[in-house]
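Observations on the model geometry
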Amino acid sequence: MSSKIHSVVIVGFGGMGSYHAKLIKETNSLEVVGTYDLLEARRADSINAGYKVYESYEEVLADPAVEIVLIATPNDVHKEIAIRALQAGKHVICEKPVAMSKEELQDMLDAADAAGRVFMVHQNRRWDEDFLTIKKMYDQETIGSLFQLESRVHGANGIPGDWRHVKAQGGGMLLDWGVHLLDQLLFMIDSKVISVSSSLSFILGNDVDDGFEAILQFENGIKAIVEVGTTNFITLPRWYVKGIEGTGIIEDWSLTGRLVTRNNEGEKIEPKPIRAGVGLTKTMAPPSEGATITETLPQPAELGSSFYDNFAAVIEGTAEPIVKNAEVMRVQNLIEAIFESAEKNQVVKDFDMYGEGK
């Protein structure tokens, strides 16, 4: 737990900025002391929430009482806001996706190193319980060694918001949601991605993707299928994973799901052929009675600290960051490989997944 309360100013008091403010109120380590936003309506929202409203970004940076700048703006201005804050001696929390390119991200990391300040990206979905349940299954081999993971997020509302429709501002679902799903996979699987095959969807007619599919092959043999869709009126499961000894499914964020594993203690009975369509099959017949065991999902793994408390502890030098900048760079490099694969309509191999990053 933090030894003091650190002051935060939120730059960009829209949906995510105001959500950060709500969550920070629940911590004992950070406190929002003000906001800065260009839009009058959001300035009014901030005043109504009881926060000081800064008249300019220069005023934020000049205030010695401000320790942390939290950036919740459109993606294309993250770099400038972050570097100016770091050069002014502030620590920085940045919303995802952190940058428009790996070069932008490296500039931000170099600025943090030069200033001796903490820079951390808000990859908050590492704390999602559905992911942490899968992570525990992976780590503990609950259904044997996992060899295929399918991670999906489906909706039917199109691309939300305003700037998320604009390519120049970093819009699109690969950057909006894909960054989360990819970060979860790379955080869990300690292996290099050796090939990427992907396609982007532009069904809704926007300049940016309204969804994507990507197949990732890891060096350790694991295959991951990642999909985000905004035109899905019937959704597929949030997670579907296969292990040597069984299969796991999580339907949604409420953790509706189950495990089905091989019953190694039961009597081995050959499955009987079934009629399937106009033919017979034994291969696709359900397992014989007693051949499998259905179980509830395990309890989620624990990361030990919330994002905000961890950030405070890193500032104080008492903890390592849960979201490391080198990990963020890996995700950035993977996203660029997915864009390349989709654009060229080919499998991308031997890309520099690790890049720089510190």
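Please read these numbers as outputs of a predicted model, since none were measured by experiment. (Residues numbered from 1 in each chain as written. Predicted model: local features only at pLDDT ≥ 70, side-chain atom pairs only at ≥ 80, totals over all residues. Heavy atoms only, no water.)

Moving on, we get to the nonpolar core. Grouped together as the largest cluster of nonpolar side chains are 49 residues, with contacts concentrated most on Tyr57, Val98 and Phe119. In terms of residues, this core owes the most to one element, helix α8 (residues 307-316), which gives 6 residues. When sequence neighbours within four positions are dropped, the list of residues in contact with Val98 reads His78, Leu105, Met108, Phe119, Val121, Val328 and Gln332. Of all hydrophobic cores here, the second largest spans 46 residues; its members include Phe131, Ala224, Val228 and Ala301. (Core = buried A, V, L, I, M, F, W, Y, C linked by side-chain atoms within 4.5 Å. Buried < 20%, exposed > 50% of the residue type's maximum accessible area, 1.4 Å probe, protein only. Helix = DSSP H or I, 4+ residues; strand = E, 2+ residues; numbered from the N terminus. Contact = heavy atoms within 4.5 Å.)

The next point concerns the sheet that holds strand β3 (residues 52-53). Spatially, the 6 strands line up as an open sheet ordered β3-β2-β1-β4-β5-β6, and their pairing is parallel. Edge positions in the sheet fall to β3 and β6 (119-121), since each has one partner strand and no second. Direction of pairing for strand β1 (residues 6-11) relative to strand β2 (residues 30-36): parallel, over a ladder of 6 bridges. Looking across to β2, one finds that Val11 is bridged to Tyr36. (Pairing = 2+ DSSP bridges.)

Attention now moves to the packing of helix α6 (residues 129-140) against helix α7 (residues 173-188). To describe two helices that pack against each other, one gives the angle between their axes and the distance between the axes. Relative orientation of the contacting elements α6 and α7 amounts to 25°, with a least axis distance of 10 Å. By the angle between their axes, α6 is roughly parallel relative to α7. The interaxial crossing formed by α6 with α7 has right-handed handedness. Packed against α6, whose contacting residues are Phe131, Ile134, Lys135 and Tyr138, the element α7 presents Gln184, Phe187 and Met188 at the interface. Across the contact of α6 with α7, the residue classes break down as 5 nonpolar, 1 polar and 1 charged. (Axes fitted to C-alpha atoms, helices over the stretch in contact; angles between N-to-C directions. Parallel < 35°, antiparallel > 145°, perpendicular 65-115°, else oblique. Left-handed = near helix turned anticlockwise from the far one by under 90°. Nonpolar A, V, L, I, M, F, W, Y, C, P; charged D, E, K, R; others polar.)

With that out of the way, let us pick up the packing of aromatic side chains. Across all of its chains, the model carries 7 aromatic pairs by this definition. For the pair Phe307 and Tyr308, a centre-to-centre distance of 5.6 Å together with 90° between the ring planes defines the contact as edge-to-face. Accessibility expressed as a relative area gives 4% for Phe307, which makes it buried. Here a set of aromatic residues connected by ring pairs shows up, and it is made of Trp127, Phe307 and Tyr308. Across from the ring centre of Phe187, 4.2 Å away, lies the NZ or CZ of Arg126, which sits over that ring. The ring of Phe187 has Lys135 lying over it, and the distance from NZ or CZ to the ring centre is 5.7 Å. (Phe/Tyr/Trp six-rings, centres within 6.5 Å; stacked < 30°, edge-to-face > 60°. Lys NZ or Arg CZ within 6 Å of the ring centre and 35° of its normal.)

Attention now moves to the pattern of salt bridges. This model, assessed by the stated rule, comprises 19 salt bridges. Notably, a salt bridge pairs Glu67 with Lys4, separated by 3.7 Å at the nearest N-O pair. In this pair, Glu67 sits in the loop between α3 (57-62) and β4 (68-71) while Lys4 sits in the segment before β1, placing the two residues 63 residues apart along the sequence. Look at the salt bridges and you will find they share partners, linking Glu40, Arg43 and Glu55 into a network. (Salt bridge = Lys/Arg side-chain N within 4 Å of Asp/Glu carboxyl O.)

For the protein chain, the domain assignment lists domain 1 (6-122 + 304-321) and domain 2 (126-302). Here domain 1 and domain 2 have C-alpha centroids that lie 32 Å from each other. Contact between domain 1 and domain 2 buries roughly 930 Å² in total, counting both sides, with carbon and sulfur atoms accounting for 58%. At the boundary of domain 1 with domain 2, the tally comes to 1 salt bridge. Lys96 is the salt-bridge partner of Asp176, the closest N and O atoms lying 3.4 Å from each other. Inspection of the domain 1/domain 2 interface yields 4 residue pairs in polar contact (both at pLDDT 80 or more). (Domains from an automatic or database assignment. Buried area = accessible area lost by both parts, 1.4 Å probe. Polar contact = N/O pair within 3.5 Å; in protein donor to acceptor, adjacent residues only side chain to side chain.)

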